[in-house]
Amino acid sequence: MVIERTAAELGRLIGSGEVSAEEVTRAHLDRMTEVEPKVHAFLHVATERALEAARAVDARRAAGEQLGPLAGVPIAVKDVITTRGMPTTCASKILEGWVPPYDATVVERLHDAGLVVLGKTNMDEFAMGSSTEYSAYGPTNNPWDLGRIPGGSGGGSAAAVAAYESALGIGTDTGGSIRQPGAVTGTVGAKPTYGGTSRYGLVAFSSSLDTPGPVARTVEDAALLHAVIAGHDPRDSTSIPAPVPDVVGAARLGATGDLTGVRLGLVREFSGEGAEPGVTAAVRDAVEALTKLGAEVVEVSCPHFPYALPAYYLIAPSECSSNLARFDGVRYGLRVGDDGTRSLEEVMSLTREAGFGAEVKRRIILGTYALSAGYYDAYYGQAQKVRTLITRDFTAAFEQADVLVSPTTPFVAFPFGSRTSDPYQMYLADLYTIPSNLYGGPAISVPCGLSEGLPVGFQVMAPTLGDDRMYRVAAALESAIPPLTPPAL
Amino acid sequence: MAAISREEVAHLAHLARLAVTDEELDTFAGQLDVILQAVARIGEVAAADIPPTSHSVPLTNVLREDVMVACLPRDEALAGAPDAQDGRFRVPRILDEEA
Amino acid sequence: MSTAYEPVIGLEVHVELGTRTKMFCGCPTLFGAEPNTQVCPVCLGLPGSLPVANRAAIEATIRIGLALNCSIAPWCRFARKNYFYPDMPKNFQISQYDEPLCTDGWLDVPVDGGMVRVGIERVHLEEDTGKTLHIGGATGRIHGATESLVDYNRAGIPLVEIVTKPVPGTGELAPAVARAYVAELRDLVRSLGVSDVRMEQGSLRCDVNTSLNRPGEEWGTRTETKNVNSLRSVERAVRSEMQRQAAVLSSGGKVTQETRHFHEDTGDTTSGRSKETATDYRYFPEPDLVPLAPDPDWVAALKVSLPESPRAHRERLQAAWGLSDVDMQAVVNAGAVGLIEATVAAGAAPAAARKWWLNELAQRANADGIELEAVGVTPGQVAELQQLVDEGTLNDKLARTVLDGVVAAEGSPREVVAARGLAVVSDTGALTAAVDEAIAAHPDVAAKVREGKVAAAGVLVGAVMKTTGGRADAKTVRELVLSRLSQ
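A. Representation of the overall build of chain C in the model. Within chain C one finds 15 helices and 15 strands. Its C-alpha atoms give chain C principal-axis dimensions of about 95 × 55 × 55 Å. Scored against the burial criterion, the 487 residues of chain C give a buried share of 55%. If you take every contact in chain C between residues at least 6 apart in sequence, the share linking residues at least 24 apart comes to 67%. Taken as a whole, chain C presents about 20200 Å² of accessible surface, with 51% of it coming from carbon and sulfur.

Spelled out as C-alpha cells, the structure:
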C-alpha cells in the first residue's frame, strides 16, 4: 500500500513515474479521512493546496525536470511553524484563526524540494508539554493505544506519521518535543544541532533551545528530510554557517550494519533507576544488538546531567515568558473584553487569561519570577551556569565515546490524565532528552523494541555538528531489529 | 517554608498581564512552589566561578548590510488586527505613560 | 535662585540613526511615510520572526563612542528589556543592559567663555518604538484619551542612547551647561554624518535629570524630566526644576523621585509617573542575537578616520573669520556656527554672514521662541540676500524687508524682490527728479547746503528716501543732492 511506503521509496516511485504525486497525496488524504476521527493528529488539513502542490510536481516531472529525492512526498507540519496562507495556531486559543503572511524558512525549503504539505499538526500549546494534552483543541491519540498520549509537544506529527497519515513530519525540539513523541509512537524523531536548522518562522518558545527537526518512520527518511531543511539561513542570527553534515550518507552507511570501531558511551546517570523496567530492558537489548554490530561500549559519567531538568525548567520558562509577551490582542489573534469601558491594560490581561492554557500560564509566571530583579542571580543566572557544566560533561564524554546513548524517555506512552495533576511529574518525561538541548548537540530517538506492547525509544546523542554520527548508529540499530508496526486502526 | 506565596504569584501575574482568577492563584502558588523547590537544587552545583552560557553556538558578529528588503503590504500587516482604523492598529485607552 | 543649593545634572540623549534600514530588518526608515507601510514580520514582531543586526548601525554607534572618547567593548551582547506597551510589537525592546558597546568617555563643552568636561557613562544601541496617536483627549496626550492608534513605521529604527555621568559643580550655570552639552553633542553627531539630529523631528531626544544638595552634603534625590524638545527647553527645564526643588527643600519638604513632564508653553514641569518603585525590566541577554566582538583593527581604523571635532572645527573657523574669543562665543551661543559657515560657503563674506545671523535673524528667533535653524531662512538665501546688497540692488533697509518676505515663505530673496518690486531705484532720471522735488520742497535747507553746511543735506536725503519708499541707495542720493546743489 502506498501509505505504508517509506518516504525514500515514494520519492523514487514518483521520480520514476511509476506512481503520480497526486495519487500519493490522495492516498494519504483518504487515510486521514479514515483515521483522523480516532487519532486527531491534524488541526488543519490543506486538501486543495496539497493536491495543487502534488500536481505541480507531476507537471515538472512531465516536463522532463529532474526531481529531488523527496519531491511529491507528503509531509505534516507542526502547527508552531508559520505557513503562509495556512492557519498557524500553536494549538492555542490566542492564535485561533491566525494566518501568517509569510512561510518559515524550513517550509520554504520543503516547497523548493517539492514536498507536499498536507496540513498542520496538533501539539501541546506553544510547544510546552510532553503529552499533547495541553493543546487547546483537544488531545491527539497514540495510534498504538488510543487511550494513551502520543508524547509531546509534537504528538500530532509523530502520531500522523505512525498512523500512516503522512510519510514525514516536521517538528520542533526544545526539551525533547520531537524525540519523546518519536519514542512513544515507535517513530524516528531527530533533533539536529542547535542552529543547524533555521528558526525563522518557528514561533518561539525557548529561543536558545528551540530546534526544528524531522519526524519519520525510518532513519534514512529522517536523514533525507534533515538534508532538505538544514543549512545556514541569513534571517536567523543563530544559524550555523558550517556546511550540513552528510547525514544521508551516514544513515546509509549505518544501514550496512557495521559499527566496528564506534564507541558508544552509556551515560551512567541515566542508566539506573528512574526509567520503567521495560524501558531499561529494551534499551539494554539494543545496546547488546549494537555491540554485535561491532560497537564498543564504554560507561561515561556525566555528573551534572541530573541537574539539566531543573535548569531547563528555569531557562525555558524565562525565555518563553518574554517570547509570549507579544500575544496581547493588539496586532493579531484573540482580543477579549474590548467593550468600550476597559483600558488597554485590562483588555490585554483578559485576552491573555482567556487565550492561554494553564501550563502556559504557569510557565510564564515561573519565568517572570526567575528573571525578576532580586531573583535573576539565584534562578536564571544559575541555570545558565548549569548549562556550562552540562557542556563540559558532554565535551569530556565525547573524548571517551563517539556517541552517548540512553533511553529517550523514562516511560512508555502513559494514559491520558495520569500526569496532568502534578506538572512536575509531566516534566520528568524530558529527563534524558534535555541535556542535548542545553548543550546544543544533536540527538535522535529510534524505536528499539516494545514494553508491554508499547514502543520504546533509544536515544543517540552526538557532539555539536556531529549529526552524521547519530544517524549512522541509529540506522545500524534499525537494521538489527525487526520493524515496529502499530495495531490496525 | 513556601518558596512562593500567593501574593507573589498575584504580583507576577500582573507583571505578565495575566488576569488570573483566585482559584488559579491558589493552584498556581502550590504548583509553582513544588517546581521551585525542585529547581532550587541547581544551587548545589552552580558555583560562583562557573561562567554562564547564554548561547550554545559560538558565533559572534552576525550582521546584515544596510540594504532595503521588500516590506509587507499594509493590508497584510493589518490583516490579523483585531481592530484597525485609518491604516493603524486601534487599541482602547492606555493608562500608563510610556516607560 | 539662591545659592543655598548646588545642582547635579545628568542627561540621557537618544539619537535616531540615519541608516537606510532598520536596526534588525531591511525595512526603510523614511520619515513621513503612510502609517504601517514600512513594516515586515520582524519589526512587527510577528510570531516566528527573528532579528538580524544592522552593521551600519553598529559602526555608527562605535564612531559616536570614539568621538566621545569612550572605550569600545571588545565583547558585548544585546539584552531584552521587558515591559508591556502597545508601541512595542514584541512587548520587549532589544537594547543593551550591563554590556554597553561604549563606556567611560567625555565631552568638553564650551560654556560661558570656559570649558566644562561632561563625563560619558555609556553609549549603547537599541531599537526605537512605534508611534501612538491618542484620540479623544483635549491635549492629544494620554490623559483623557478614549482610544489610541498605533503606527509601527518607526518601530525598529536604530536608536543610540548616550548617558552622561552625573555633572556636579556647575552651580548657577547648570541650565546653560545642559543646553551647551546637548548642542555640542548634536554638532558632534552631525559631523559624523550618522544622523540629522533634529530635535523638532525627534531624531534627537533628551531627558534631563536634576537634583539639589546643600554644599558639602550628599547628592539629593533626582527627578527625570521628559518632553524636552529643543535646546531652549533643555535650559528652561533644568532651571525650572532647580527652582522647584529649591522651593520644596527650603520649605522643609522632600523631593520625590519621579518622572516629570516639561511644558513648552509655561516653562514648568508637572509630575508624571512616580519612580519610587522602579519598573523591573527583567533584563536578560537576547538569545536571538549573538554577541558583538568588534574587530580591534576595524575600531582603530574608525578612530583614525573620525572627522574634525566640532571644537577643532570652531577653532579653525574662528581663525578664518578673524574673530575674538568673545565674538566667537556669541556666535556659538546663538547656535550660528554652522549657519554662518554654510552662508560663507554659499558666497557671502564672513562679516556679512555673521551680521545677518546674529543680528537680524537671532532677534527674530528669540522673539518667536524658536531655534535659529528653524527661523525660516536658509544659509543659501542669506548669501543671496547679501549678494543683492553687494551688487546694489538692495540697500540695508530694503534687504531687511526682503528678509521678512523670505521668512514669510514668499520665496527666495530674488523672488521676493521681483514680486514686491523692492529693488533699489537706480534710474538716475527718476532719482534726479525726486532730488529736485525735495530741493524745491525744502528751499531753506537747500540754501544751507549751498552755503556749505553739508550736513543739512541729510534732510533732503531723507525726503528722497521717503518719496521712493526707501528704495534708493542713500549714498547715491546724497551725492546727487550735493551735486545738484553745487550747480
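B. Quick peek at the overall build of chain A. From N to C terminus, chain A includes 16 helices and 11 strands. Taken over the C-alpha trace, chain A has a radius of gyration of 21 Å; the compact-globule value for 489 residues is 23 Å, and the two agree within 12%. Oriented by its inertia axes, the alpha-carbon framework of chain A measures out at about 70 × 55 × 45 Å. A total of 489 residues make up chain A; the buried ones form 68% of that total. Taking the intrachain contacts of chain A between residues at least 6 apart in sequence as the baseline, contacts between residues at least 24 apart amount to 77%.

C. Representation of the sheet that holds strand β8 (residues 296-300) of chain A within the structure. All names here are of chain A. Pairing in this open sheet of 11 strands is mixed, and the strands run β1-β3-β2-β4-β6-β5-β10-β11-β9-β7-β8 from one edge to the other. Edge strands, defined here as strands with exactly one partner in the open sheet, are β1 (42-45) and β8. Across this sheet, the average inter-strand angle for adjacent strands is 30°, counted without regard to direction. Where strand β2 (residues 74-78) and strand β4 (residues 168-173) come together, three bridges link them in parallel fashion. Of the residues in β4, the one forming a bridge with I75 is L168. Against the sheet, helix α5 (residues 155-162) engages β1, β3 (116-121), β4 and β6 (211-216), with an angle of about 20° to β6.

D. Highlighting the nonpolar core. Residues F126, L404, F458 and Y471 of chain A together with Y181 of chain C are the most contacted members of the largest nonpolar core, which totals 269 residues. Considering each element in turn, this core owes the most residues, 11 residues, to helix α2 (residues 174-192) of chain C. Apart from residues lying up to four places away in sequence, Y181 of chain C is in contact with L11, V13, L107, V109, V118, I120, I162 and T164 of chain C. Membership of the second largest hydrophobic core comes to 34 residues, among which are V331, A336, L339 and L372 of chain C.

E. Spatial organisation of the pairing of strand β7 (residues 114-127) of chain C. Residues and elements named next belong to chain C. Burial of β7 is extensive: 10 of the 14 residues sit out of reach of the surface. Here nine bridges tie strand β6 (residues 102-111) to β7, and the two strands are oriented antiparallel to one another. Across the sheet, the residue bridging to V111 is G114, located in β7. Taken together, β6 and the strand that follows it, β7, pair antiparallel across an intervening segment of two residues, in which D112 is found at a positive phi of about 50°. Pairing of β7 with strand β10 (residues 158-164), which is carried by seven bridges, proceeds in the antiparallel orientation.

F. Broad picture of the domain arrangement of chain C. Partitioning chain C into domains gives domain 1 (6-302), domain 2 (310-420) and domain 3 (428-486). A straight line from the C-alpha centre of domain 1 of chain C to that of domain 3 of chain C covers 63 Å.

G. Quick look at the pairing of β8 of chain A. All names here are of chain A. Bridge count between strand β7 (residues 263-267) and β8: five bridges; the pairing is parallel. Bridge pairing in β8 links R263 to E296. For the segment spanning β7, helix α9 (residues 277-292) and β8, crossover handedness is right-handed.

H. Quick peek at the pattern of salt bridges. Residue and element names in this part refer to chain C. Per the stated rule, a full pass over the model turns up 63 salt bridges over all chains. Notably, a salt bridge pairs R400 with E360, separated by 3.3 Å at the nearest N-O pair. Residue R400 is found in helix α10 (residues 396-407), and its partner E360 is found in helix α8 (residues 350-368); the two are separated by 40 residues along the sequence. Take E360: its relative accessible area is 16%, and that puts it in the buried class. Via salt bridges that share partners, K355, E360, R364, D396, R400 and D404 belong to a single interconnected network.

I. Region of interest: the sheet that holds strand β5 (residues 92-95) of chain C. A sheet is described by the order of its strands in space; here three strands give the open sequence β5-β4-β15 (chain C), paired in antiparallel fashion. What marks the edges here is a single partner per strand, and that holds for β5 and β15 (284-285) of chain C. The pairing of strand β4 (residues 79-82) of chain C with β15 of chain C spans two bridges and is classified as antiparallel. By the bridge assignment for β15 of chain C, A79 of chain C is matched with P285 of chain C. Seen against the sheet, helix α10 (residues 308-323) of chain A touches β4, β5 and β15 of chain C and runs at an angle of roughly 60° to β4 of chain C.

J. Up close: the interface of chain A and chain B. On the side of chain B, 53 residues touch chain A, which itself brings 65 residues to the contact. Regarding the contact of chain A and chain B, the summed buried area is about 5000 Å², with carbon and sulfur atoms giving 67% of it. Three residues stand out in chain A for area buried against chain B, namely Y307, I365 and K385 of chain A, and they jointly supply 13% of the buried area on that side. The interface formed by chain A and chain B includes three salt bridges. Close ionic contact of R90 of chain B with D338 of chain A constitutes a salt bridge, the shortest N to O distance being 3.6 Å. Applying the counting rule to chain A against chain B returns 18 residue pairs in polar contact (both at pLDDT 80 or more).

K. Representation of the environment of H261 of chain C in the model. Residues and elements named next belong to chain C. Following the sequence through the fold, H261 ends up in strand β13 (residues 258-262). Residue H261 is classed as buried on the basis of its relative accessible area of 16%. H261 sits 56 residues away from L317 along the chain, and the two C-alpha atoms are 38 Å apart. When neighbours within four sequence positions are excluded, H261 is seen to be in contact with R141, K226, N227, D268, T269 and T270. Looking at H261, its side chain comes within polar contact range of the side chain of N227, at 3.1 Å.

L. Broad picture of the packing of helix α7 (residues 337-345) of chain C against helix α9 (residues 379-390) of chain C. Residue and element names in this part refer to chain C. Packing of α7 against α9 brings their axes to within 8 Å, and their N-to-C directions diverge by 50°. The pairing of α7 with α9 is recorded here as oblique in orientation. Crossing of α7 against α9: the hand is right-handed. Only P379, V382 and A383 of α9 make contact with α7, whose side of the interface consists of L339, A342 and T343. Residues that form the contact of α7 with α9 fall into these classes: five nonpolar, one polar and no charged.

M. Inspection of the interface of chain B and chain C at higher detail. With 37 residues of chain B in contact, the opposing surface of chain C contributes 60 residues. Contributing elements (two or more residues each) for the side of chain B that touches chain C: β1 (63-64), α3 (74-78) and β3 (88-92) of chain B. Here the residues of the side of chain B that touches chain C sort into 19 nonpolar, six polar and 12 charged.

N. Region of the structure containing the packing of aromatic side chains. Counted under the stated rule, the structure contains 25 aromatic pairs over all chains. Aromatic pair Y102 of chain A and Y200 of chain A: ring centres 5.4 Å apart, planes at 55°, arrangement tilted. Separated by 98 residues along the polypeptide, Y102 of chain A in the loop between β2 and α4 (105-112) and Y200 of chain A in the loop between β5 (188-191) and β6 bring together distant segments of the chain. We note that Y102 of chain A, like Y200 of chain A, is buried. Considering the side-chain rings of Y424 of chain A and Y427 of chain A, the 5.8 Å spacing of their centres and the 70° angle between planes classify their relative orientation as edge-to-face. Placement of the pair is Y424 of chain A and Y427 of chain A together in helix α14 (residues 423-427), with a separation of three residues, close to one helical turn. Y427 of chain A carries the same exposure label as Y424 of chain A, and that label is buried. Taken together, F270, F305, F394, F398, Y432 and Y439 of chain A form an aromatic cluster joined through their ring pairs. Note that R419 of chain A overlies the ring of F411 of chain A, its terminal NZ or CZ placed 3.6 Å from the centroid. In this structure, R41 of chain B packs its charged tip against the face of Y307 of chain A, placed 4.6 Å from the ring centre.

About the criteria used
- Residues numbered from 1 in each chain as written.
- Chains lettered and ligands numbered in written order.
- Predicted model: local features only at pLDDT ≥ 70, side-chain atom pairs only at ≥ 80, totals over all residues.
- Heavy atoms only, no water.
- Helix = DSSP H or I, 4+ residues; strand = E, 2+ residues; numbered from the N terminus.
- Buried < 20%, exposed > 50% of the residue type's maximum accessible area, 1.4 Å probe, protein only.
- Contact = heavy atoms within 4.5 Å.
- Areas by Shrake-Rupley, 256 points an atom, 1.4 Å probe, with all protein chains shown as cover.
- Rg over C-alpha atoms; globule rule 2.2 N^0.38 Å.
- Pairing = 2+ DSSP bridges.
- Axes fitted to C-alpha atoms, helices over the stretch in contact; angles between N-to-C directions.
- Core = buried A, V, L, I, M, F, W, Y, C linked by side-chain atoms within 4.5 Å.
- Domains from an automatic or database assignment.
- Right-handed = clockwise from strand over helix to strand, strands pointing away.
- Salt bridge = Lys/Arg side-chain N within 4 Å of Asp/Glu carboxyl O.
- Buried area = accessible area lost by both parts, 1.4 Å probe.
- Polar contact = N/O pair within 3.5 Å; in protein donor to acceptor, adjacent residues only side chain to side chain.
- Parallel < 35°, antiparallel > 145°, perpendicular 65-115°, else oblique.
- Left-handed = near helix turned anticlockwise from the far one by under 90°.
- Nonpolar A, V, L, I, M, F, W, Y, C, P; charged D, E, K, R; others polar.
- Phe/Tyr/Trp six-rings, centres within 6.5 Å; stacked < 30°, edge-to-face > 60°.
- Lys NZ or Arg CZ within 6 Å of the ring centre and 35° of its normal.

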